[in-house]
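# A look at the structure
This is what each chain is made of:
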Amino acid sequence: MQQRTPEITIIGGGLVGLSVALGLLLAGQRVRVLDGADNDARASQGNFGLIWGQGKGWDFAPYANWTMDALAAWPAFAQQLQELSGIDVALDQSGGYEFFTDPSEFDAFEAELTQQATHLGHRARYEMLNGDDLRCQMPGIGPDVVGASFSPCDGHVNPLRFLRALRCSVQAMGGRVTMGATVATIRPQPGGGFALALADGDVVNTEQVVLCAGLGSASLAGDLGFITQVKPQLGELLITEKLGDRLPFLSSTIRQVDEGGVQIGGTKADAGLDDRESLRVMAKLAQHAVTVFPALADVRVVRAWGALRVMSPDGYPVYAKSTAHPGAFLVTCHSGVTLAPLHASVLADWILNTSPIPDLEAFDECRFALSHAA
Amino acid sequence: MNVASRFRTLPETGESVQFTLDGVPATAPAGVTVAAALVAHTGAWTRQTAQGAPRTAYCMMGVCFDCLVEVDGTPNTQACMTLLGDGMTVRRQTGLRNLNGGHDG
Ligand code: FES
């Protein structure tokens, strides 16, 4: 019988799972992706598409640097996706703003950016602008904006096209993506390898498994001996009718899609698995957008939705190898868009153990061991 | 070009209202929607998509958004959901709307 390269199975066909799959395929592995049900909580289908570094990891240097690595890798990654899939993800990385209407929040954020800069060293690039300077530079910003931070490294993509580009790239590289394949339980096998029991009764056997199922990881992590507990965090979003004009800025809460619509978001709430939007929050988002840029006042909102972020206990990514069951990996993070270029490249080296770089020790789940035991 | 419309309004009630389409005066029976007035007027396109494809009212019930026009300065108004008022200023919607209610043309 012909010796075949062992197959790696990725559980989860969202941005994280597909990125990891792509990285492994590019490293020459055979990869199968099992994607869940249509009505699963799919952060990849509801997100904002930001490629964002401002403030990230201000109190955790490894995350600040990992994020900065990802920002730097995006232009080449977008190009690679275009070549593999023929899809333009509409990367626009010409910098982004964080707007403030509360002076104390503005000061607090400046302190975080200062702290973040100490981790990033010469790679730190940001500026703080007070309201009047901002309005001089960018006519149209509302009078109640007291200031903004700006980072030239930040940007955004069209998130749905990005998801499609990833899926097409994985398929173009020979990866198998099976939709509607919900994994119910994972049974580590005595001689190594794993039996994945699907909800429809099928069983998939695999030598190695990478759990990238977002909120779906919550019920499967324990089967592999992982202790990380991910939690949902509700974000609500609006999108307006398409505009012929381009907004003069990108911010973490207001972004104009390449097709013209303005997406408004950024709320955070603990609502369990309830991802419904609410009129109260929709009104708050609209008010925020009009405060920042009053010309949006008569622009119609055409859709609103809620989506669930995938949050680890401390909000940072988790990259963990199971000690109890060698060959099992857990990859979970909130920033599946921003970090994608790394998930699709150097993370494969970490999974395959082919290089001491990257050192992802800091993102191991052992950091939760104490709080978990407590 | 002013093509003769294939659409007819309901039998005249006698009352009529005046409006302008792209600045040109026009008349329609009282009580009809802007969309009904427009398709009866010429039957020609009343909006162009962002890619320049010509469109006009289709579903007449608020679903397809192909009837978007500018009404009294408000862009992207669904003509089929708007009753025609006397003296209304209606403009065909070409391409995407702009900020400040602005509109090319
Ligand atoms: S004609 Fe379809 S929405 Fe107006």
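Residues numbered from 1 in each chain as written. Chains lettered and ligands numbered in written order. Predicted model: local features only at pLDDT ≥ 70, side-chain atom pairs only at ≥ 80, totals over all residues. Heavy atoms only, no water.

## Examining the interface of chain B and chain A
Listed per partner, the contact involves 10 residues of chain B and 13 residues of chain A. Carbon and sulfur atoms supply 50% of the area that chain B and chain A bury against each other, a total of about 940 Å² over both sides. Contact with chain A buries surface across chain B, with Leu96(B), Arg97(B) and Leu99(B) losing the most and accounting together for 63% of the total. Joining chain B to chain A, the criterion identifies 2 salt bridges. A salt bridge links Glu241(A) to Arg97(B), with the shortest nitrogen-to-oxygen separation between them at 2.6 Å. Here chain B and chain A share 8 residue pairs in polar contact (both at pLDDT 80 or more) between them. Partitioned by chemical class, the residues of the side of chain B that touches chain A number 3 nonpolar, 6 polar and 1 charged. (Contact = heavy atoms within 4.5 Å. Buried area = accessible area lost by both parts, 1.4 Å probe. Salt bridge = Lys/Arg side-chain N within 4 Å of Asp/Glu carboxyl O. Polar contact = N/O pair within 3.5 Å; in protein donor to acceptor, adjacent residues only side chain to side chain. Nonpolar A, V, L, I, M, F, W, Y, C, P; charged D, E, K, R; others polar.)

## Concerning helix H3 (residues 103–120) of chain A
Residue and element names in this part refer to chain A. Between its terminal C-alpha atoms H3 stretches 25 Å, which fits the 26 Å expected from 18 residues at 1.5 Å a residue. Listed as buried for H3 are Phe106, Phe109, Leu113, Gln116, Ala117 and Leu120. Looking straight down H3, one finds its buried side chains confined to an arc of 105 degrees; they lie on one side. On its buried side, H3 packs onto helix H2 (61–85), strand S4 (96–100), strand S5 (127–130) and strand S6 (147–151). Once H3 ends, the next one or two residues include Gly121, with phi positive near 60 degrees. (Helix = DSSP H or I, 4+ residues; strand = E, 2+ residues; numbered from the N terminus. Expected span 1.5 Å × (residues − 1). Buried < 20%, exposed > 50% of the residue type's maximum accessible area, 1.4 Å probe, protein only. Arc of directions from axis to C-beta.)

## A word on the domain arrangement of chain A
All names here are of chain A. Partitioning chain A into domains gives domain 1 (7–51 + 161–229 + 313–371), domain 2 (96–152) and domain 3 (231–311). Using only C-alpha atoms to locate each centre, domain 1 and domain 3 end up separated by 29 Å. Of the residues lining the interface, 15 residues belong to domain 1; the matching set on domain 3 comes to 21 residues. With both chains or domains summed, domain 1 and domain 3 bury close to 1300 Å², and 65% of this area falls on carbon and sulfur atoms. At the junction of domain 1 with domain 3, the criterion picks out 2 salt bridges. For the pair domain 1 and domain 3, the number of links is 5 residue pairs in polar contact (both at pLDDT 80 or more). When the residues that make up the side of domain 1 that touches domain 3 are grouped by side-chain class, the tally is 7 nonpolar, 7 polar and 1 charged. (Domains from an automatic or database assignment.)

## Let's talk about the packing of H2(A) against H3(A)
Residue and element names in this part refer to chain A. Look at H2 against H3: their axes get within 9 Å of each other, and the N-to-C directions meet at 75 degrees. Taken together, H2 and H3 sit at an angle that is classed as roughly perpendicular. Residues Ala61, Ala64, Asn65 and Met68 of H2 touch H3, and the partners they reach there are Gln116, His119 and Leu120. Considered class by class, the residues forming the contact of H2 with H3 number 4 nonpolar, 3 polar and no charged. (Axes fitted to C-alpha atoms, helices over the stretch in contact; angles between N-to-C directions. Parallel < 35°, antiparallel > 145°, perpendicular 65-115°, else oblique.)

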